[in-house]
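Examining the three-dimensional arrangement
Below, each chain spelled out in residue letters.
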Amino acid sequence: MSLTVNTRQQANWNKCIWCQEKINFKTPKDFCRHLRDFHCTREGGSYVCRYGRNGVCPSLPVDGVSDLDYEEHIMRDHVNQSAENTMSALQKLHTTPRRPQPPSEPSVVEDQHKWTVYKSKVNLPAALNDPRLLKRETDFFTKTWGVDFYDKTHLPVSPYLQEINWSHFDSYVKKTSARYKKHNKELETLNGKPETHLTKTVRQAEKNRTELEQIPKLFLMPTFNLENPSTFSAVFPWTQVEESKVDTPGARHSSKLLQEKMSHYLDIVEVQIAQQISRRSEAFFHAMTSHDELQERMKTTCGRIKYLRDKMNSMDNLMARGSLKIMRLTKSRCNYIQLHNKLKLMATVHQTQPTIQTLLSTNEFVGALDLISTTQEVLSQELAGVHSLRHLGSQLAELQKLIDIMIQEDFHKHVTNELNRPVSDTSPIMDEEKLVAILFGMLRLHKMDFLDVYRDETFTGMKAVVKQTVIVAVCEADDIDTENNSSLADQMRLLNYRQWSALMENIFNNLLTILKRAKAFHGIVTDVVGIAAGRTKVPTPLQSPTTDSPEPLEEPTHLNVSVSGDVDVMVSSEEYGHAVAGLKELMIAVCDHAHDRCCKVLTARGKDGFLERLSSAEFVTLSRLIEKFVSDCEEVCGRKSTSLRVTVQSQACRFVSKFHEDRKNKLSLILDNERWKQSDVPMEFQGLVEHISTTGHLSLPDNKNDSERSAGDYLMVHGDRFAVVGTVLMLLKMVVEYCQCADDIPSVASDLLTRLVDLLKMFNSRTCQLVLGAGALELVGLKTISTRNLALASRCLQLVVHYMPMVRQHFESKLVNRQVSMLKHFDQISKDYTDHIDEINNKLVTIMESMVDSQLSRWEVKAPMPSSCFRAICKQMAKLHEAIVDILPQERVKEIFSRINQTFKSVLRQQLIHLNVINNGGPQHGLVTSDLTFYAGSFKTLRGLEDLAQDVHDVWDKR
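This one's a predicted model, so the numbers in the text were calculated from it and none came from an experiment.

This part covers the overall build of the protein chain. When helices and strands are tallied, the protein chain shows 33 helices and four strands. Counting across all 959 residues of the protein chain, residues that qualify as buried make up 36%. Within the protein chain, counting contacts between residues at least 6 apart in sequence, those at least 24 apart form 72% of the total. For the protein chain, the accessible surface area stands at approximately 58300 Å², while carbon and sulfur atoms represent 54% of it.

See the structure below:
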């Protein structure tokens, strides 16, 4: 079939749609070569077609494709797809895009008939030169884009876009120029040549395809089979066969036509086969020739193989069989030796159980377990499959479980006996060798829960020891009725302080004994675990003093028995870490439990308020006893337990509360009965003050009866006399008791400070209420609050203020850093006391001011002199001086009278102005001078105030 190309197709062939190159494609061969040279890749020396459905054509193999085969492939599979429309297929090949398009370009395949932005068209000159407009609207662009758009000759270049020039295309031009020249040269060469082989091939292929299309597709199907009824009916219609039986000219003609059609189909197929055979005849005859040559060579090879086999058989008979026999006999001998060894091993394994019994009888638990483990390994490896020993493995497993139970029972029994032996036995641990053997057995079995068992047994032992100690103490007390008090705690509460203190001391000692035994067990377990983990070396006589180990091993420090030097590592690093942590927790738990048992005893005894009723000395003795036990526990266990301290702290807080309430009630009762008269100072209180002055510390002196010294009138403090009442002496002793209690019980120092501050505040407020507020008139029946009462109250307050810095310093040493801020309460109390003293002084001055103002308001400047008013004023001042001079210090008395003198002169000056008496030397001036001289002379008789009123002439108003 010839290939015809119209003018339109010829025009399309002159330009490749794929690369848009204008090439003179006169024939399909030119187009095929162009595709091969410019649009296909070459892999492994062969062409690969890229015009298939998925980018690679499956009809063209990759290997062994020559130029001619590739051209035939293009014409057969991509150019001549149909005989009726050859050039449409070729154009379709040209228009198929093979290069990926940019995202902004329209896709011909996807957007075939859709309207896109690329189909929009605008005639810009027509829009600008619209003849309908009278003038050009220059703001066509400027009204939206600004005046700069119209004035600019070119658009500004974006700083983000690279400027393109001719140099950017140099590399592409250099790369394609050679191929382009070659392409033009080949076109010029091919334009003048006659029809090529490719053209003939194409025409012949079209002709063959047309002929083959005449044959029905049924005959070419791979499932064609005449045995199928439907297929047979399609090939030989029964209607024609039946009609052929009828003797009619038409029927015979129809049968003959069917036969000719079949013959025609057969001729077409035979012609096609003949053409294919003629085309491939050269290759067929070449293959036949090669086959004959191959047969000859195979025959020669078989002969050589037979010769080689015969020669190898002769060599085997002469040289190999004798040596192989020797080797076979040697192998048999080795097998007999192995059999003999197996039998001896079986005999040894048979003696395993008696050996284990012997080891267990001597407490060699590790040896027995190692023997079981070794035997199990031998049975599973070397004696695997031996029928006579098939039950031995299970028997050994049961024996191992029995040993486990035996070790647990022995350990429990040993621990029970160890902890329940009499506390009088001071040995730290008994039967250490057996304990070490049990511990090694447990570690060999990886049973790390023995620490929990020991902890539980220790708890039980402590509980039993405490209970037994209480029973013994109750039985030894003769004055306890055990019949009416069924509970042991009730019987314990009947013990007096001396008996109960002895009981607590025995409990502490017995618990310390248990703790020391636990400490010894802890040390032994530590050494055993270290040896089992390879962390502790076992000293042996043959051991060198030096070791090559990178980490020096420690010597056991608690083991007093010998340990075999060939102990294997039985504990992993992880188990060793768990064991060490468990040992630490064991000692912590045991110590805490000992404290808990003591706390329960303290709580049971303190239910009826017994601990709150203790005296300071008794509670201090108990606190010291408990503190000693806590320190001993800390020394044994290496850790501070807080439960007992917390319990003691709680009891101490209740004791402090009771301690404070007793003293507060006592002080309140004394104040309610205080008549605010100067009292004698017993030697007990004077000795207390002297003890404080000597030691410089607020503490109670030792009880000494000093009968030679009698009570004094004043309390001497560092050479100063303090006229006091009995209440302030009791307050001073109470303050010292608070400080002494803080020394004895430092844990409650902050609580004592708070209570002491409350006590001092109460004394100050009640004193103010009773004296300044005149509450003592109704409470104790005083007729009046005299100036002497006020002076005594002031002096008592001054005594408390004197010792306030010492009290503050004493508590400052007892408080922790976070409690130091509590000391500000002492500063506030000192200020309150000082303000109270000033108020009393002001009260004294006010009393005299009222008297002076009352007398001078009635004063008249007339004879006789001195006047009665001045006589009354001087008399009252003398009484005030007599009342306070022996109570208040001299400087305080002088300060009070200085203020009274200033008040007197101020009132007198106002009265002279009112009476219009001036300093003019007249008779009235002389009378006033006579009174002032009498007033100044009255101070000459007042002790300590002789020079106070020397200048009294400043009462005159200077006009």
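Structure shown, so let's carry the discussion forward.
The biggest cluster of nonpolar side chains holds 197 residues, and the ones touching the most others in it are I403, F411, W500, F811 and F897. Considering each element in turn, this core owes the most residues, 18 residues, to helix α21 (residues 497–532). Residues within four places of F811 in sequence aside, it is in contact with Y738, C739, A742, A749, L752, L753, L756, L823 and F826.

This brings us to the packing of helix α16 (residues 365–380) against helix α17 (residues 392–420). Their axes nearest at 10 Å, the elements α16 and α17 cross at an angle of 160°. Considering the angle they form, α16 stands roughly antiparallel to α17. Like other packed secondary-structure pairs, α16 and α17 cross with a definite hand, here left-handed. Mapping the contact onto sequence places F365, A368, L369, I372, T375, Q376 and L379 in α16 and L392, G393, L396, A397, L399, Q400, I403, M406, I407 and D410 in α17. Looking at the contact of α16 with α17, its residues break down into twelve nonpolar, four polar and one charged.

Next up on the list: the packing of aromatic side chains. Throughout the structure, instances matching the rule amount to 15 aromatic pairs. With a centroid separation of 4.0 Å and 20° between ring planes, the pair formed by F904 and Y935 is classed as stacked. Of the two residues, F904 is situated in helix α32 (residues 890–915) and Y935 in helix α33 (residues 923–938); the sequence distance between them amounts to 31 residues. The same class applies to F904 as to Y935, namely buried. An aromatic cluster is built from W859, F870, F904, Y935 and F939, whose rings are joined through pairwise contacts. Cation over ring: R721 sits above Y714, and NZ or CZ is 4.2 Å from the ring centre. R795 extends its terminal NZ or CZ atom over the ring of F722, reaching a point 3.8 Å from the ring centre.

Attention now moves to a nonpolar patch on the surface. A surface patch of nonpolar side chains, about 590 Å² in accessible area, is lined by I164, W166, F169, Y172 and V173. Following the sequence through the fold, Y172 ends up in helix α8 (residues 170–190).

Mapped onto the elements of the fold, H595 is located in helix α22 (residues 573–605). Apart from residues lying up to four places away in sequence, H595 is in contact with F629, V630, C633, S641, S643 and L644.

By the element assignment, G775 lies in the loop between α27 (749–772) and α28 (776–779). The spacing of G775 and I785 is ten residues in sequence and 9.3 Å in space, taken between C-alpha atoms. The residues touching G775, leaving out its near neighbours within four places in the chain, are Q769 and L770.

It is worth spelling out the environment of L770 at this point. With respect to the element layout, L770 can be found in helix α27. Separated by 23 residues in sequence, L770 and A793 have C-alpha atoms that sit 9.7 Å apart. Among all residues touching L770, those that are not within four sequence positions of it are L671, W676, G775, A776, L779 and I785.

On to the pattern of salt bridges. For the coordinates displayed, the defined rule picks out 19 salt bridges. A salt bridge links R766 to D672, with the nearest nitrogen and oxygen atoms 2.4 Å apart. Within this pair, whereas R766 is found in helix α27, its partner D672 is found in helix α24 (residues 643–672), the two being separated by 94 residues in sequence. Its salt-bridge partner being K814, residue D743 comes within 2.7 Å of it at the nearest N-O pair. Taken as a pair, D743 in helix α26 (residues 726–744) and K814 in the loop between α29 (787–812) and α30 (824–857) lie far apart in primary sequence, 71 residues in all. Among the ionic contacts, a cluster of salt bridges with common partners joins R808, E812 and D827.

With that out of the way, let us pick up unusual backbone geometry. Following M865, the chain continues into P866 via a peptide bond in cis, with omega recorded as -5°. Inspection of the secondary structure assignment puts P866 in the loop between α30 and α31 (868–884). A positive phi angle, near 55°, is found at W676, a position not held by glycine. Structurally, W676 is set in the loop between α24 and α25 (683–695).

Working note: α-helix, 3.6 residues per turn, so residues spaced by three or four point in the same direction. The terminal C-alpha atoms of α32, which comprises 26 residues, lie 37 Å apart, in line with the 38 Å expected from a rise of 1.5 Å per residue. Every buried residue of α32 is accounted for by V893, I896, F897, I900, N901, T903, F904, K905, V907, L908, Q911 and L912. Positive backbone phi, approximately 60°, marks N916, located one or two places after α32.

What follows deals with the confidence of the model for the protein chain. In regions of low pLDDT, the predicted coordinates are not meant to be interpreted in detail. Per-residue pLDDT for the protein chain has a mean of 77; in total, 75% of the residues score no lower than 70. Every residue in residues 81–105 is under pLDDT 50, and counting partners more than four places away or in other chains gives 43 contacts. Predicted confidence is poor over residues 546–550, with pLDDT under 50, and the contacts of this stretch with residues over four places away or in other chains come to zero contacts.

Moving on, we come to the packing of α21 against α22. For the pair α21 and α22, interaxial distance at closest approach is 11 Å and the crossing angle is 175°. With respect to α22, the axis of α21 lies roughly antiparallel.

By the element assignment, E737 lies in helix α26. Among the residues examined, E737 registers a relative accessible area of 17% and is labelled buried. In contact with E737, other than residues within four places in its own chain, are F659, R663 and L700.

Parameters at a glance
Residues numbered from 1 in each chain as written. Predicted model: local features only at pLDDT ≥ 70, side-chain atom pairs only at ≥ 80, totals over all residues. Heavy atoms only, no water. Helix = DSSP H or I, 4+ residues; strand = E, 2+ residues; numbered from the N terminus. Buried < 20%, exposed > 50% of the residue type's maximum accessible area, 1.4 Å probe, protein only. Contact = heavy atoms within 4.5 Å. Areas by Shrake-Rupley, 256 points an atom, 1.4 Å probe, with all protein chains shown as cover. Core = buried A, V, L, I, M, F, W, Y, C linked by side-chain atoms within 4.5 Å. Axes fitted to C-alpha atoms, helices over the stretch in contact; angles between N-to-C directions. Parallel < 35°, antiparallel > 145°, perpendicular 65-115°, else oblique. Left-handed = near helix turned anticlockwise from the far one by under 90°. Nonpolar A, V, L, I, M, F, W, Y, C, P; charged D, E, K, R; others polar. Phe/Tyr/Trp six-rings, centres within 6.5 Å; stacked < 30°, edge-to-face > 60°. Lys NZ or Arg CZ within 6 Å of the ring centre and 35° of its normal. Patch = residues over 30% accessible without salt bridge, like charges linked within 9 Å, V, L, I, M, F, W, Y side chains within 5 Å. Salt bridge = Lys/Arg side-chain N within 4 Å of Asp/Glu carboxyl O. Expected span 1.5 Å × (residues − 1). pLDDT = per-residue confidence, 0-100.

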